[in-house]
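Breakdown of the fold
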Amino acid sequence: MKDLVRQNLLIHVDILDLLNKQIKQEAESSAAYLAMASWCDHNGLVYSAEFFYEQSAEEREHMMKIFHFINDNGGTAYSPEVANINHDFASLEEIFETALDQEIAITKSIHNIVYECRNKRDLTTENFLQWFITEQMEEEQTMRRALELFDLINTENVGLRFLDEKIKEIRDEANPA
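An unreviewed UniProt entry annotates the chain as Ferritin originating from Zunongwangia atlantica 22II14-10F7. As stated in UniProt under Subcellular location (unreviewed entry), the record for the chain gives "Cytoplasm". The record held by UniProt for the chain lists under Catalytic activity (unreviewed entry) the comment "4 Fe(2+) + O2 + 6 H2O = 4 iron(III) oxide-hydroxide + 12 H(+)".

If you want it as structure tokens, here you go:
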């Protein structure tokens, strides 16, 4: 019976497996951003902490979009286990470098799923993923803009507080009210 149900899915079975892996990656990203926010809070970087709390919530929203898409189209989405999240950072710059690397990895994963959708002729999922492609371009751009600030100013003492306030501006630009 289960095989019959899977044959009638709008999502190709191989793509379903990739989407469940993507759910796990989005959950890990959300947890990583939460750890980054905690580090910022602990180090008195209030605006950067807010930025990363919001990033964590966004990644969870991305996870849930995929989760609902799978279930709404006859598949089974699996709740991921998340472990081994790094909580130790040397600097705010390291956090943003880590965040950019994380976003690049997610972008590559989304692109890989789209390529597989084309190979399997899964137009439903490919169409669904177009939103994620645009979102990932924005996410990478946000992290790159933040990292550019480190190149512009000395991150010692006063410079770090200035940088923290600039992070708030980047966050506000990325999420207009």
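Observations regarding the UniProt feature "binding site: Fe cation" (unreviewed entry) in the chain
Here, the residues flagged by UniProt with the feature "binding site: Fe cation" (unreviewed entry) are Glu26, Glu59, His62, Glu103 and Gln136. On the basis of their most widely separated C-alpha atoms, the annotated residues across 111 residues gather in one place, lying no more than 12.5 Å apart. Dropping the residues within four chain positions of it, glutamate 103 is found in contact with Ser29, Tyr33, Gln55, Glu59, Gln136, Glu139, Glu140 and Met143. Its place among the elements puts glutamine 136 in helix α5 (residues 123-152). On the accessibility criterion, glutamine 136 (2% relative accessible area) is buried. Residues in contact with glutamine 136, not counting those within four places in the same chain, are Glu103, Ile106 and Thr107.

A word on the side chain of glutamate 140
Note that glutamate 140 resides in helix α5. Looking at glutamate 140, its side chain comes within polar contact range of the side chain of threonine 107, at 2.6 Å. The residues contacting glutamate 140, other than those within four sequence positions of it, are Leu100, Glu103, Ile104 and Thr107.

Looking at the layout of surface pockets
In this approach a probe as big as a water molecule rolls over the atoms, and the regions it shows empty are the leftover space. Looking at the largest pocket, its volume works out to about 240 Å³. If you trace the largest pocket, you find 13 residues lining it, with Glu138, Glu139, Thr142, Ala174 and Asn175 closest to the centre. If you list the elements that add at least two residues to the lining of the largest pocket, you get α3 (46-72), α5 and α6 (158-174). Ranked by the residues each element gives to the lining of the largest pocket, the list is headed by α5, at six residues.

Comments concerning the side chain of glutamate 135
As for its position among the elements, glutamate 135 is in helix α5. Among buried charged residues, glutamate 135 stands out as having no salt bridge; its nearest opposite-charge side chain is lysine 65, 7.6 Å away. Within the local environment of glutamate 135, its side chain forms a polar contact with the side chain of histidine 62, the two groups lying 3.4 Å apart. Those residues in contact with glutamate 135 that sit more than four places away from it in its chain are Glu58 and His62.

Focus: helix α4 (residues 92-120)
Here α4 spans 42 Å end to end across 29 residues, near enough to the 42 Å set by a 1.5 Å rise per residue. Where α4 terminates, the next one or two residues include arginine 121, which has phi positive at roughly 60°.

Some thoughts on the packing of aromatic side chains
With the rule as written, the count across this model stands at eight aromatic pairs. Judged by centre distance (5.6 Å) and plane angle (40°), the rings of phenylalanine 51 and phenylalanine 96 are tilted. Of this pair, phenylalanine 51 sits in helix α3 while phenylalanine 96 sits in helix α4, placing them 45 residues apart in sequence. Each member of the pair phenylalanine 51 and phenylalanine 96 is classed as buried. Ring geometry for phenylalanine 96 versus phenylalanine 150: centroids 6.2 Å apart, planes at 50°, classification tilted.

Remarks on the nonpolar core
Cys40, Phe52, Leu92, Phe96 and Met143 are the most contacted members of the largest nonpolar core, which totals 23 residues. Secondary-structure elements contributing two or more residues to this core are α2 (13-42), α3, α4, α5 and α6. Not counting the four nearest positions on each side in its chain, methionine 143 is found in contact with Tyr33, Phe51, Phe52, Gln55, Phe96, Ala99, Leu100 and Glu103. Residues Ile15, Ile70, Ile106 and Ile110 belong to the second largest nonpolar core, which totals 21 residues.

Definitions and cut-offs
- Residues numbered from 1 in each chain as written.
- Predicted model: local features only at pLDDT ≥ 70, side-chain atom pairs only at ≥ 80, totals over all residues.
- Heavy atoms only, no water.
- UniProt positions renumbered as here; feature names shortened; annotations may be inferred.
- Contact = heavy atoms within 4.5 Å.
- Helix = DSSP H or I, 4+ residues; strand = E, 2+ residues; numbered from the N terminus.
- Buried < 20%, exposed > 50% of the residue type's maximum accessible area, 1.4 Å probe, protein only.
- Polar contact = N/O pair within 3.5 Å; in protein donor to acceptor, adjacent residues only side chain to side chain.
- 1 Å grid on protein atoms, 1.4 Å probe; cavity = no way out; pocket = protein on both sides within 12 Å on 5 of 7 lines; lining within 4 Å.
- Points joined across faces, edges and corners; volume = space filled by probe spheres on them.
- Lys, Arg positive; Asp, Glu negative; His and termini not counted.
- Salt bridge = Lys/Arg side-chain N within 4 Å of Asp/Glu carboxyl O.
- Expected span 1.5 Å × (residues − 1).
- Phe/Tyr/Trp six-rings, centres within 6.5 Å; stacked < 30°, edge-to-face > 60°.
- Core = buried A, V, L, I, M, F, W, Y, C linked by side-chain atoms within 4.5 Å.

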